[in-house]
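# Commentary on secondary and tertiary structure
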Amino acid sequence: MVATVFYLDEVPEPGAVAVLDGPEGRHAATVRRIRVGEPITLSDGRGVLAESEVVAAQRDRLDLAVRNRVLAAPPAPPVTVVQALPKSDRSELAVELMTEAGADAVVPWQAARCVANWEGKAAKGVEKWRAAARSAARQSRRAYIPDVSDLHRTKDVLELIRAAKTGGAIVAALHESGTTRFSTLPFADATRIVLVVGPEGGLDDAELTALADAGAEVTLLGPTVLRTSTAAAVALGALGALTPRW
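These numbers come from a predicted model, not from an experiment.

## Focus on helix α6 (residues 228–242)
Taking 1.5 Å per residue as the helical rise, α6 with its 15 residues ought to reach 21 Å, and the 22 Å between its terminal C-alpha atoms agrees with that figure. As for α6, its buried residues are in contact with β7 (79–84), α2 (91–101), β10 (170–174) and β12 (193–197).

This is the structure in structure tokens:
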């Protein structure tokens, strides 16, 4: 297990001194009260990990001597989660949970029955999801911060699915009406996986038909109906065991 992770846009070469300031420095120096001599792992969120040691601590800032630097292999197969917008009090929670469970990319989706509506405020919603993904990646000490896309409408999701299928991906739309069990899909041999999670109100019939026509497998994850905010995390946990990811 790596030491506590904090993110920099660029991680210096070994032997250099890195400066951790801004929101990351505030969290490390002021919130976590990390002091001189403590180890920290630095990452750029794109796979670089560097062991470092705090050599100076100020308010909202740490200076760190970089000891070494490696490039972590990305999880394989990569998993993209198309997440219908949950209601506001569980919106960022969904992103946090799926990030901790290993999602590699997150696509916010304005589905037909979403309680939340991002029309006119999509940029703010996406920014909140990106912040949630970064915080959860730090918490779970990930070398890669999931990419959070701009808001997708249904037509955009269908295009994404068609492109993924062309590239050989397995696309699973999680729904209680699915006749195929999630565990029976050939995930172990997949080169890429896309999970589609509907909203609190469920996927409507037109969406289910369109998703299936685009190449998604409407699949049953398990014996219980999950909240939209937890379904992706549960599916990612299953994928950890069904693929080489774990």
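So, next bit.
## Describing the pattern of salt bridges
It is possible for side chains bearing opposite charge to pair when their charged atoms get close. Throughout the structure, instances matching the rule amount to 13 salt bridges. One salt bridge connects D44 with R46, and the closest N-O pair in it is separated by 3.4 Å. A single network of salt bridges, built from pairs that share partners, joins E10, D44 and R46.

## As for unusual backbone geometry
Put simply, A76 and P77 share a cis peptide bond, and its omega is 0 degrees. Of note, P77 is situated in the loop between β6 (70–71) and β7. Although it is not a glycine, R33 adopts a positive phi angle of roughly 55 degrees. Secondary-structure assignment places R33 in the loop between α1 (22–31) and β3 (39–43). With a phi angle near 65 degrees, D60 is a residue other than glycine that sits in the positive phi range. By the secondary structure assignment, D60 is in the loop between β4 (48–58) and β5 (61–66).

## What about the sheet that holds strand β8 (residues 105–109)?
Taken in spatial order, the 7 strands make up an open sheet running β9-β8-β7-β12-β10-β13-β11, and their pairing is parallel. Because the sheet does not close on itself, it has two edges, and the strands there are β9 (147–148) and β11 (180–181).

## A short note on the UniProt feature "domain: Ribosomal RNA small subunit methyltransferase E PUA-like" (unreviewed entry) in the chain
With numbering aligned to this structure, UniProt lists the feature "domain: Ribosomal RNA small subunit methyltransferase E PUA-like" (unreviewed entry) at residues 20–64. Annotated as 22% helix and 47% strand, the span residues 20–64 places its first and last C-alpha atoms 8 Å apart.

## Description of the layout of surface pockets
For the largest pocket, the calculated volume is near 400 Å³. Around the largest pocket sit 19 residues that line it, and L174, H175, E176, V225 and L226 are the ones nearest its centre. Looking at the lining of the largest pocket, its residues break down into 10 nonpolar, 6 polar and 3 charged. Its boundaries defined by the atoms lining it, the second largest pocket holds a volume of some 220 Å³. Surrounding the second largest pocket, 13 residues form its lining, S88, W118, K121, G125 and K128 being those nearest its centre. Contributing elements (two or more residues each) for the lining of the second largest pocket: α2 and α3 (122–139). Of all the elements, α3 adds the most residues to the lining of the second largest pocket, at 4 residues. Each residue belonging to the lining of the second largest pocket can be placed in one class, and the counts come to 4 nonpolar, 4 polar and 5 charged.

## Concerning the packing of α2 against α6
Between α2 and α6, the shortest axis-to-axis distance is 8 Å and the interhelical angle comes to 5 degrees. On the basis of the axis angle, α2 is roughly parallel to α6. On the side of α2, the interface is formed by A94, L97, M98 and A101, while α6 contributes S229, T230, A232, A233 and L236. Broken down by class, the residue content of the contact of α2 with α6 amounts to 7 nonpolar, 2 polar and no charged.

So, how was this worked out
- Residues numbered from 1 in each chain as written.
- Predicted model: local features only at pLDDT ≥ 70, side-chain atom pairs only at ≥ 80, totals over all residues.
- Heavy atoms only, no water.
- Helix = DSSP H or I, 4+ residues; strand = E, 2+ residues; numbered from the N terminus.
- Expected span 1.5 Å × (residues − 1).
- Contact = heavy atoms within 4.5 Å.
- Salt bridge = Lys/Arg side-chain N within 4 Å of Asp/Glu carboxyl O.
- Pairing = 2+ DSSP bridges.
- UniProt positions renumbered as here; feature names shortened; annotations may be inferred.
- 1 Å grid on protein atoms, 1.4 Å probe; cavity = no way out; pocket = protein on both sides within 12 Å on 5 of 7 lines; lining within 4 Å.
- Points joined across faces, edges and corners; volume = space filled by probe spheres on them.
- Nonpolar A, V, L, I, M, F, W, Y, C, P; charged D, E, K, R; others polar.
- Axes fitted to C-alpha atoms, helices over the stretch in contact; angles between N-to-C directions.
- Parallel < 35°, antiparallel > 145°, perpendicular 65-115°, else oblique.

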